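As a plain string of letters, each chain reads:
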Amino acid sequence: MTRLCWLVLVVVSVFVACKTAETPKPVTPAPAPVAEAPKPATPPAPPPEPKVELPAVKPLPALPVGMVEPKAPAENPVTAEKAELGWFLFFEPRLSKDGSMACAQCHHTDKAYTSGNALDAKVGGAMNKRNAPTMVGLGFHSSWYWDGRMATLEAVSNAAWKGQLGADPAAVVATLNAVPVYKAMFVRAFNEPATVDNVPKALATFFRTLNTGNSAFDKDAAGDKAALSKDAKAGKELFSKGGCVSCHVPPLFSDFAFHGIGIGDDAGRMDATKEEKDKGLFKTPGLRNVALTAPYFHDGSAKTLDEAIALMAKGGNKVATQDPLLKPVKWNAKQLGQVKAFLESLNGELTYPDAPKLP
Ligand code: HEC
Ligand code: HEC
């Protein structure tokens, strides 16, 4: 009997409690609150995680005909997820200190990833003292920058991130992780959100897959004898006989070594080694897509490809550290034009011809 009474009492009191908890609909508009409304005992549930629409992973581009597989370090193997993320980051102004500049600002797709200027200003306004080189085929180099002072693609990506874009990496990483699509893309590529370490790794992976090929030169090498014009064929001979090929070695048309040509007044390789013998030496630039990368040389001092070829043909400028491999050749105007036609035949298709659609 008492038990039943208790039960009834409990049921009734719960009912009453519920009823009183329900706020009755106000008949008249409530008066403006005078005091701050009391804080609810439990905070409202957080909004559900937004559903993230991830871009489909772009499959790794096929290695262009005539290229060997670029090496990647064991701690950063190439994957399609990383390459795609690096592609996005390269075009992403959020990577910079103030959101004003992306890597692509100085490395445009339509100029084979060069800037088109002799020299460019970094975020903050300081000028670069050297010309922005192409990003195509970087995976084949053995050191980076004109003077080779960087030993890995990860290190050079990190240096460019801080130097060119003025970034505070920790702050940029926080910005990226606040963008749900980026956070999810990092997790997909690295099993973790963006970090100061994996941003340069993604950029380096993108570079290892940024290649060019299928040029008229490549088609000719693959047996299509109609691919090269008569002039380009003659230019190919001259390029070879003139000794250009001893430094501009196929398939990238660079030996990735350092040579003195006598251009400008810059310590060059000596900046990296601190050795006098390296004064004024620069890494041989690759010549693929070279017709699209004006102006030329480490200081952008040659405005046109004709000017650059003419200077190389006369054997550069005489300086103490000039390379004995560079010998003057006596080419007439027609022959200079044929060498130009040959260099134009190196214009190929890019594995990444466009910018991605950024989140
Ligand atoms: C303001 C212009 C500018 C911006 C922005 C810029 N770069 Fe560059 N980049 C250059 C210049 C100039 C050089 C050559 C520097 C040197 O050799 O001393 C260079 C060189 C490089 C190289 C070495 C290429 C080689 O042949 O050795 C890499 C890699 C590179 N940049 C990547 C990047 C990445 C990644 C970003 C974005 C984080 C970036 N760059 C943003 C101007 C720029
Ligand atoms: C001893 C090695 C060597 C030889 C031989 C050589 N080059 Fe070069 N070439 C270089 C180096 C190093 C540079 C970059 C110099 C600089 O910027 O200061 C260069 C730059 C160039 C450039 C400008 C590329 C750019 O992106 O800025 C062209 C074009 C060129 N060479 C064509 C030729 C031709 C044509 C010949 C043959 C007549 C030739 N080279 C012979 C090492 C060589």
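I will try to describe carefully the structure that is included in this document. Nothing here was measured: the structure is a model prediction, and the numbers come from that model.

1. Things to note about the overall build of the protein
If you tally the helices and strands in the protein, you get eleven helices and four strands. By residue count, 36% of the 359 residues in the protein fall in the buried class. Put simply, of all contacts in the protein between residues at least 6 apart along the chain, 69% involve residues at least 24 apart.

2. Things to note about helix α6 (residues 198–209)
Look at α6: 17 Å from first C-alpha to last across twelve residues, which is about the 16 Å you get at 1.5 Å a residue. Here α6 lies mainly inside the structure; twelve of its twelve residues are buried. All of the buried residues along α6 are N198, V199, P200, K201, A202, L203, A204, T205, F206, F207, R208 and T209. Tucked into the core, α6 has its buried residues touching α2 (80–90), α3 (153–163), α4 (169–177) and α5 (180–190).

3. Examining unusual backbone geometry
In this chain, P250 is followed by P251 through a cis amide linkage whose omega measures 5°. By the secondary structure assignment, P251 is in the loop between α8 (230–241) and β2 (258–260). For Y113, which is not glycine, the phi dihedral falls at a positive 65°. Phi at N214 takes a positive value of approximately 55°, unusual for a residue other than glycine. Here N214 shows up in the loop between β1 (212–213) and α7 (216–221). Taking the C-beta count within 10 Å as the criterion, N214 has 14 such neighbours and is therefore assigned partly exposed.

4. A closer look at the site of ligand 2
Residues in contact with ligand 2 amount to 26 residues; listed here are only the nearest, C244, C247, Y296, F297 and M312. Among the elements that line the shell around ligand 2, the one with the most residues is helix α10 (residues 305–313), at four residues. Across the shell around ligand 2, the residue classes break down as 17 nonpolar, eight polar and one charged.

5. A look at the site of ligand 1
Neighbouring ligand 1 are 24 residues; C103, C106, Y145, A160 and Q164 lie closest to it. Tallied by class, the residues present in the shell around ligand 1 amount to 15 nonpolar, six polar and three charged.

6. Side note on the nonpolar core
Counting residues in hydrophobic clusters, the biggest one holds 40 residues, and the most contacted among them are L89, L95, L203, F206 and F207. If you list the elements that add at least two residues to this core, you get α2, α3, α4, α5 and α6. Excluding its chain neighbours within four sequence positions, the residues that come into contact with F206 are A83, G86, W87 and F90. One finds F239, L287, A313 and L343 within the second-largest nonpolar core, a separate group that totals 26 residues.

7. Quick notes on the packing of α2 against α5
Contact pair α2 / α5: the axes reach a minimum separation of 8 Å and the direction vectors enclose 145°. Remark: the crossing between α2 and α5 carries left-handed chirality. The residues of α5 that touch α2, namely those facing E81, K82 and L85, are M185, F186, R188 and A189.

8. Comments concerning the packing of α10 against helix α11 (residues 333–344)
The angle between the axes and the distance between the axes are what describe a pair of packed helices. Two elements in contact, α10 and α11, have axes whose closest approach is 10 Å; the angle formed by their N-to-C orientations is 115°. Relative to α11, α10 is oriented so that their crossing is right-handed. Residues L305, D306, I309, A310 and A313 of α10 form the contact with α11, whose participating residues are L336, V339, K340 and L343. Looking at the contact of α10 with α11 residue by residue, the classes come out as seven nonpolar, no polar and two charged.

9. Here we look at the environment of R94
Its place among the elements puts R94 in the loop between α2 and α3. Its 17 C-beta neighbours within 10 Å are what place R94 among the partly exposed residues. Distance in space between the C-alpha atoms of R94 and T175 is 7.4 Å, their sequence separation being 81 residues. Among residues more than four places away in sequence, those in contact with R94 are G99, V172, T175 and L176.

10. Here we look at the environment of C103
Looking at where C103 falls in the secondary structure, it is placed in the loop between α2 and α3. Between the C-alpha atom of C103 and that of W161, which follows or precedes it by 58 residues, the distance is 7.9 Å. When near neighbours in sequence (up to four residues on either side) are disregarded, C103 contacts F90, L95 and A160.

Analysis parameters
- Residues numbered from 1 in each chain as written.
- Chains lettered and ligands numbered in written order.
- Predicted model: local features only at pLDDT ≥ 70, side-chain atom pairs only at ≥ 80, totals over all residues.
- Helix = DSSP H or I, 4+ residues; strand = E, 2+ residues; numbered from the N terminus.
- Buried ≥ 20, exposed ≤ 12 C-beta atoms within 10 Å, placed from the backbone.
- Contact = placed C-beta atoms within 7 Å.
- Expected span 1.5 Å × (residues − 1).
- Near = placed C-beta within 6 Å.
- Nonpolar A, V, L, I, M, F, W, Y, C, P; charged D, E, K, R; others polar.
- Core = buried A, V, L, I, M, F, W, Y, C linked by C-beta atoms within 7 Å.
- Axes fitted to C-alpha atoms, helices over the stretch in contact; angles between N-to-C directions.
- Left-handed = near helix turned anticlockwise from the far one by under 90°.

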